[in-house]
Amino acid sequence: TKQDKKKAELLGDYRMNHFNQLAGISSINRSQLLEIQEEFGQLKTGETITAADLETNATCGEFFPAMERSPEISAEQRLANLAQKLDQTYQTWLSALLNDLQDPVVEEHLDLLKTADRKFVDTFRSEKSLPDPLPSKLVMALQQALSGLTRVPILPAKLFSTIFPGGAPATVDEVKERFTQFTDDLIKGQDRSKVRLVLESDSSAIQPRNR
């Protein structure tokens, strides 16, 4: 079907390939990729059927509209939303990588790269876009340059319950104090200059890893 072709087109999009290659970088928000992959897995478009098919079989393969997560949203709209999310996430990852590469701590790591590898990173920084296909040497150079950063996830539900316990109102000073305590607890024992806080969904959080 038309929807199947669009789904296959999105799955084969160069940005999906880039996501999979870049997901191993410690500072990347991998939960965003997991969400996209989950949405692909939940999206069912069904088979093409005729009126004669419906007379003999009321179902179409394994596609049951009533069991879909959002039956009121058409497959076309869900695919359009997924395409938009893919593009937005890709731009978010690019911006995050470019911002991290401007960090003074990362600058020190860049100086330790081999000349050829450093050239890959410098080209990315100047052009602000990634080539396709994505060179494995560039990915490895980014991993090495950003290895000094520690990624620490923040879960929205935990943040909310800490700042507004029981959902009760709070003064500005209370919010400031609780947020400061919350972040201090998150990064306890770590070099705060190397920590990067990342907002993640509560359902797909990944524990922080030091590299």
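Check the entry above for the structure.
Quick caveat: nothing in here was measured; it's all calculated off a predicted structure.

### Overview of the overall build of the protein
Okay, step 1: When helices and strands are counted, the protein shows 10 helices and two strands.
Okay, step 2: Going from N to C terminus, the protein has its helices and strands arranged as α-α-α-α-α-α-α-α-β-α-α-β.
Okay, step 3: For the protein, buried positions account for 35% of its 211 residues.
Okay, step 4: Summed over its atoms, the accessible surface of the protein is roughly 12,600 Å², and 54% of this surface lies on carbon and sulfur atoms.

### Some thoughts on the packing of aromatic side chains
Okay, step 1: For the coordinates displayed, the defined rule picks out four aromatic pairs.
Okay, step 2: Their ring planes at 70 degrees and their centres at 5.9 Å tell us that F19 and Y90 sit as a pair that is edge-to-face. Within this pair, whereas F19 is found in helix α2 (residues 14-22), its partner Y90 is found in helix α5 (residues 75-101), the two being separated by 71 residues in sequence. As far as burial versus exposure is concerned, F19 and Y90 are alike and both buried.
Okay, step 3: On the basis of an interplanar angle of 70 degrees and a centroid distance of 4.8 Å, the ring pair of F19 and W93 is categorised as edge-to-face. With F19 in helix α2 and W93 in helix α5, this pair connects stretches of sequence that are 74 residues apart.
Okay, step 4: Residue W93 is classed as buried on the basis of its relative accessible area, which comes to 3%.

### Points about the pairing of strand β1 (residues 150-154)
Okay, step 1: Most of β1 sits out of view: five of its five residues are buried.
Okay, step 2: Residues T150, V152 and I154 of β1 are buried on one face, and the alternating residues R151 and P153, pointing to the opposite face, are buried as well.
Okay, step 3: Here five bridges tie β1 to strand β2 (residues 195-199), and the two strands are oriented parallel to one another. From the neighbouring strand, P153 faces β2, where its bridge partner is V198.

### Focus on unusual backbone geometry
Okay, step 1: Of note, the bond from D132 into P133 is cis; its omega dihedral lies within 30 degrees of zero at 5 degrees.
Okay, step 2: With respect to the helices and strands, P133 occurs in the loop between α7 (115-127) and α8 (136-145).
Okay, step 3: Phi is positive for K128, close to 55 degrees, though the residue is something other than glycine.
Okay, step 4: When you line up the elements, K128 lands in the loop between α7 and α8.

### Observations regarding the environment of L10
Okay, step 1: By secondary structure assignment, the location of L10 is in helix α1 (residues 2-11).
Okay, step 2: Residues L10 and L86, 76 residues apart in the sequence, show an inter-C-alpha distance of 8.6 Å.

### Some remarks on the nonpolar core
Okay, step 1: In terms of nonpolar packing, the biggest core is built from 35 residues, with F19, L22, L101, V121, F124, L130 and L142 touching the most fellow members.
Okay, step 2: Taken together, the elements giving at least two residues each to this core come down to α2, α3 (30-42), α5, α6 (104-110), α7 and α8.
Okay, step 3: With 10 residues, α5 is the largest single contributor of residues to this core.
Okay, step 4: The contact partners of F19, leaving out residues within four places of it in the chain, are L33, I36, L86, T89, Y90 and W93.

### Looking at the pattern of salt bridges
Okay, step 1: Throughout the structure, instances matching the rule amount to nine salt bridges.
Okay, step 2: The closest approach of N and O atoms between D13 and R15, which form a salt bridge, is 2.8 Å. Taken individually, D13 and R15 each receive the classification buried, so the pair is uniform in this respect.
Okay, step 3: The closest approach of N and O atoms between E39 and K85, which form a salt bridge, is 2.7 Å.

So, how was this worked out
Per chain, residues are indexed from 1 in the order of the written sequence. pLDDT decides what is reported in this predicted model: residues at 70 or higher carry local features, side-chain atom pairs at 80 or more are listed and counted, and totals for whole chains, interfaces and linings draw on all residues regardless. Note that water and hydrogens are dropped before the side-chain values are worked out from all heavy atoms of the structure. Working definition: helices are DSSP H or I runs of at least four residues, strands are E runs of at least two. Numbering for both runs from the N terminus. Residue burial is assigned from relative accessible area. The probe radius is 1.4 Å, only protein chains are included, and a residue is buried under 20% of its type maximum, exposed over 50%, and partly exposed in between. Calculation of accessible area relied on Shrake-Rupley with a 1.4 Å probe; when residues are assessed, cover is drawn exclusively from the protein chains displayed. We call Phe, Tyr and Trp rings a pair once their centres come within 6.5 Å, taking the six-membered ring for Trp, and we label the pair stacked below 30 degrees between planes, edge-to-face above 60, and tilted otherwise. Each pair of strands is called paired provided DSSP finds at least two bridges between the two strands. Nonpolar cores are built from buried Ala, Val, Leu, Ile, Met, Phe, Trp, Tyr and Cys residues. Side-chain atoms within 4.5 Å join them into one set. Contact between two residues is taken to exist if any of their heavy atoms lie within 4.5 Å; hydrogens are not considered. We count a salt bridge whenever a side-chain nitrogen from Lys or Arg sits within 4 Å of a carboxyl oxygen from Asp or Glu.

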